[in-house]
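Structure assessment
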Amino acid sequence: MRKVRDYDAELKALGDKARALKAKRVEQLGQLVAATGADALDAETLAGVLLDAIGSKNADAKEAWRSKGAAFFQRRGRKSGGAAAIDGSGAHAEPGGDAAGGSGSAANG
């Protein structure tokens, strides 16, 4: 005879796991903001930079941001023995660099 499945318990466990993953991602994004030095920006400026990056149609600028982000994580990996605490997805600005990716002429749209 087959074992009866408790669908409610399974759904609750999946919901709990999804909430934990979302909380971990939010924490990692906060760590990324702090690690890049972007926490020195006010919230409105940081939000504006991120919105411009999301809305940018300039593939060259996006590739430049991606390569800067990759270089950032490679440097962090050498300094701290691994950057596992921060999710490496997306484009990131370097500390002390232009938050818009270093290209003042990158036009959106």
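Quick summary incoming for the structure in this document. (Residues numbered from 1 in each chain as written. Predicted model: local features only at pLDDT ≥ 70, side-chain atom pairs only at ≥ 80, totals over all residues. Heavy atoms only, no water.)

1. Comments concerning the packing of aromatic side chains
Rules: Stacked, tilted and edge-to-face pairs are distinguished by plane angle, under 30 degrees for stacked and over 60 for edge-to-face with tilted covering the rest, among Phe, Tyr and Trp rings (Trp via its six-membered ring) whose centres lie within 6.5 Å. Between buried and exposed lies partly exposed: a residue is buried under 20% and exposed over 50% of the maximum accessible area for its type, with that area taken using a 1.4 Å probe on protein chains only.
Counted under the stated rule, the structure contains one aromatic pair. On the numbers, 5.3 Å between centres and 75° between planes, the contact of Phe 72 with Phe 73 is edge-to-face. No difference in accessibility class separates Phe 72 from Phe 73, as the two residues are buried.

2. Some points on the pattern of salt bridges
What counts, and what does not: The term salt bridge refers to a pairing of a side-chain nitrogen on Lys or Arg with a carboxyl oxygen on Asp or Glu at a separation within 4 Å. Secondary structure counts use DSSP, requiring at least four H or I residues in a row for a helix and at least two E residues in a row for a strand, with both numbered from the N terminus.
Inspection of every chain in the model, using the stated rule, returns four salt bridges. In this structure, the salt-bridge partner of Arg 5 is Glu 10, at a minimum N-O distance of 2.7 Å. Since its relative accessible area comes to 52%, Arg 5 is described here as exposed. Accessibility expressed as a relative area gives 32% for Glu 10, which makes it partly exposed. Notably, a salt bridge pairs Asp 16 with Lys 12, separated by 3.2 Å at the nearest N-O pair. Of this pair, Asp 16 and Lys 12 both sit in helix H1 (residues 7–36), four residues apart, which is roughly one turn of the helix.

3. Considerations on H1
Put simply, the test is: In a helix, the anticipated span is given by 1.5 Å times the number of residues less one.
For H1, built from 30 residues, the straight-helix expectation of 44 Å at 1.5 Å per residue is met to within 8% by its first-to-last C-alpha distance of 43 Å. Along H1, the residues that are buried comprise Gln 28, Leu 32 and Thr 36. Of the residues flanking the end of H1, it is Gly 37, one or two places downstream, whose phi is positive at about 85°.

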